[in-house]
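Architecture and fold: a report
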Amino acid sequence: MNNRLKSSFIGLIPLLIFVILYLGVGTFLQFKGISMAFYQFPSPVAIFVGIIAAFLLFKGKISEKFHTFLSGCGHQDIITMCIIYLLAGAFANVTEKMGGVSSTVNLGLTYIPPHFLAAGLFIIAAFISTATGTSVGAIVSITPIAIGLAEKSGVPLPLILASVMGGAMFGDNLSVISDTTIAATKTQGVEMRDKFRVNLYIAAPAAIITVILLLVFGKPVNIPQIETLPFEIIKVLPYITVLVLAISGLNVFVVLTTGILFSGIIGMSHGAFDFLTFTQEIYKGFTNMNEIFLLSMLTGGLATMCANAGGIQWLIDQIQRIIVGKKSAKVGIGLLVAFTDMAVANNTVAIIINGSIAKKISEKYGVDPKESAAILDIFSCIFQGLIPYGAQMLIMIGFTKGSASPIDVMPLLWYQMLLFIFTIIFIVFSINEKLSLKSK
């Protein structure tokens, strides 16, 4: 009996319409000189166009297609992912409003040795983005201060900016509450702590070498005076608590709920907000995740429709032509998400689009789902941190007011380049398999 799923290019067309529309509008607006061009067209609207195309193209009764669509939207993994997004958004917003981000930044800047400026900024950005789950948030918090320190120290501004970008992408990749981690782990069906451990084996060497390079090449000409900035160590604790609890293996819903309550108690006791304002900040955190929530749910529905129509299987059939075994399957997964990220300029969207495809490839070639989740997240963050039209680069360069350009910064993005090299080494030498054997 042949259980092979049907294969049809037509089944892939609605998903292609979404990607091409999203990419096309972004490219058009970029040529028109619109700021943040790739972020003007809401991705849930673009995916909605793809959904309409699926209903028009695919055979069957409307009621049957609608049932298929809803089964994808309401799949347990999709709903789980969406709820985690909401809780992560609430934790990030409440903790920021009670002063957690500013205290963490000020703590780092107060104790950073001035002669280790570039390396110190990398470490601070890495901690902020790991704690908050957002590279953009880390860049917005640190870049204005970093630019001022670059002017005072004589360290080239592009190198300072590259160190902030590298640290921000380190945390975006590793954070247990980042959109990319949530999407990667849930689409591959693995626990966050397991993906974190695999991911850390790759990211840690890249980060260590980056810090060494920044210590060597980022020595200040003039030692800047870094003033003592106000901070409260208690406001940093919720970030550390969430990170420790998540890595320890506690249920992610319990982890994030604990973080929200802990931040709320600190905020109310320090007068940052009262109880009603606390609840409003939780809700604002929920609404901050509306776009990614809707995109995940709608993509789940469209992906199920495309899979039933043979589109996913058709794509896998094409990919399998260049896949000859487990190692090339891993590289294939990485390249899929990398090219998608370069197309849509959004690493979370790239993971969501390719998550189900990566899972099927992993199952066929025996790739450890923990490693496939890490590869999805790593490749998406590498290229998101490299492309000159990504939100991270555009926001960071915007702070310089013309003093630097993406072209100045890109050759100095050592962390992203090293992360790519170490990921390939990890794959080629089957390091995950060797580590798994040792742990048994």
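Further up the page is the structure itself.
Residues numbered from 1 in each chain as written. Predicted model: local features only at pLDDT ≥ 70, side-chain atom pairs only at ≥ 80, totals over all residues. Heavy atoms only, no water.

All right, on to helix α15 (residues 311–319) then. Counting buried positions along α15 yields seven of nine residues, so the element is predominantly enclosed. Within the span of α15, buried status applies to G311, I312, Q313, L315, I316, D317 and I319. (Buried < 20%, exposed > 50% of the residue type's maximum accessible area, 1.4 Å probe, protein only. Helix = DSSP H or I, 4+ residues; strand = E, 2+ residues; numbered from the N terminus.)

Once that is clear, we can look at the environment of I51. Counting through the fold element by element, I51 comes out in helix α2 (residues 43–57). By relative accessible area, I51 is classed as buried at 5%. Sequence separation between I51 and I20 is 31 residues, and the spatial gap between their C-alpha atoms is 14 Å.

All right, on to the side chain of T400 then. The residue T400 is located in helix α19 (residues 391–400) in this model. Of the residues examined, T400 reaches a relative accessible area of 5% and is grouped as buried. A distance of 2.6 Å separates a polar side-chain atom of T400 from the backbone oxygen of I397. (Polar contact = N/O pair within 3.5 Å; in protein donor to acceptor, adjacent residues only side chain to side chain.)

What follows deals with the pattern of salt bridges. Throughout the structure, instances matching the rule amount to nine salt bridges. A salt bridge links K330 to E433; the nearest nitrogen and oxygen atoms lie 2.9 Å apart. Within this pair, whereas K330 is found in helix α16 (residues 326–344), its partner E433 is found in helix α22 (residues 431–439), the two being separated by 103 residues in sequence. In this structure, K370 engages D368 in a salt bridge whose closest nitrogen and oxygen atoms are separated by 3.1 Å. The network of salt bridges with common partners includes K326, K330, E371 and E433. (Salt bridge = Lys/Arg side-chain N within 4 Å of Asp/Glu carboxyl O.)

For the rest of this paragraph, the subject is the side chain of Q188. One can find Q188 in helix α9 (residues 179–188). Accessibility expressed as a relative area gives 1% for Q188, which makes it buried. One polar contact links Q188 to T187, side chain to side chain, over a distance of 3.2 Å. Setting aside residues no more than four positions away along its own chain, Q188 makes contact with G355, A358, K359, S362, P369, S372, A373 and L376. (Contact = heavy atoms within 4.5 Å.)

Take the environment of Q30 next. Note on placement: Q30 falls in helix α1 (residues 13–31). The spatial distance from the C-alpha of Q30 to the C-alpha of S328 is 35 Å, given a sequence separation of 298 residues.

Let us look at the layout of surface pockets. Empty space within the largest pocket amounts to approximately 1,100 Å³. As for the largest pocket, its lining consists of 43 residues, and the residues nearest its centre are T134, V136, D179, N288 and M289. Of all the secondary structure elements, the ones that give two or more residues to the lining of the largest pocket are α4 (76–97), α6 (117–132), α7 (135–153), α9, α13 (275–288), α14 (290–308), α17 (347–365) and α19. Element by element, the count of residues in the lining of the largest pocket is highest for α7, at six residues. Looking at the lining of the largest pocket residue by residue, the classes come out as 21 nonpolar, 18 polar and four charged. Its volume calculated, the second largest pocket comes out at about 480 Å³. (1 Å grid on protein atoms, 1.4 Å probe; cavity = no way out; pocket = protein on both sides within 12 Å on 5 of 7 lines; lining within 4 Å. Points joined across faces, edges and corners; volume = space filled by probe spheres on them. Nonpolar A, V, L, I, M, F, W, Y, C, P; charged D, E, K, R; others polar.)

Note on placement: K219 falls in the loop between α10 (192–217) and α11 (237–248). Between the C-alpha atoms of K219 and I234, which are 15 residues apart in sequence, the distance is 32 Å. Setting aside chain neighbours within four positions, we find K219 in contact with V155 and L214.

Scanning the model with the defined rule gives one cavity of 30 Å³ or more in all. Empty space within the largest cavity amounts to approximately 40 Å³. Lining the largest cavity, in full, are F122, A162, S163, G166, T210, L214, L412, W414, Y415 and Q416. If you list the elements that add at least two residues to the lining of the largest cavity, you get α8 (157–174), α10 and α21 (414–428). For the lining of the largest cavity, the per-class residue count stands at six nonpolar, four polar and no charged.

The geometry of an aromatic ring pair is captured by two quantities: the separation of the ring centres and the angle between the planes. Under the defined criterion, the tally for this structure stands at 13 aromatic pairs. Chaining the aromatic ring pairs together yields one cluster made of F55, F66 and F69. Over the ring of Y365 we find K364; its NZ or CZ atom is 5.8 Å from the centre of that ring. (Phe/Tyr/Trp six-rings, centres within 6.5 Å; stacked < 30°, edge-to-face > 60°. Lys NZ or Arg CZ within 6 Å of the ring centre and 35° of its normal.)

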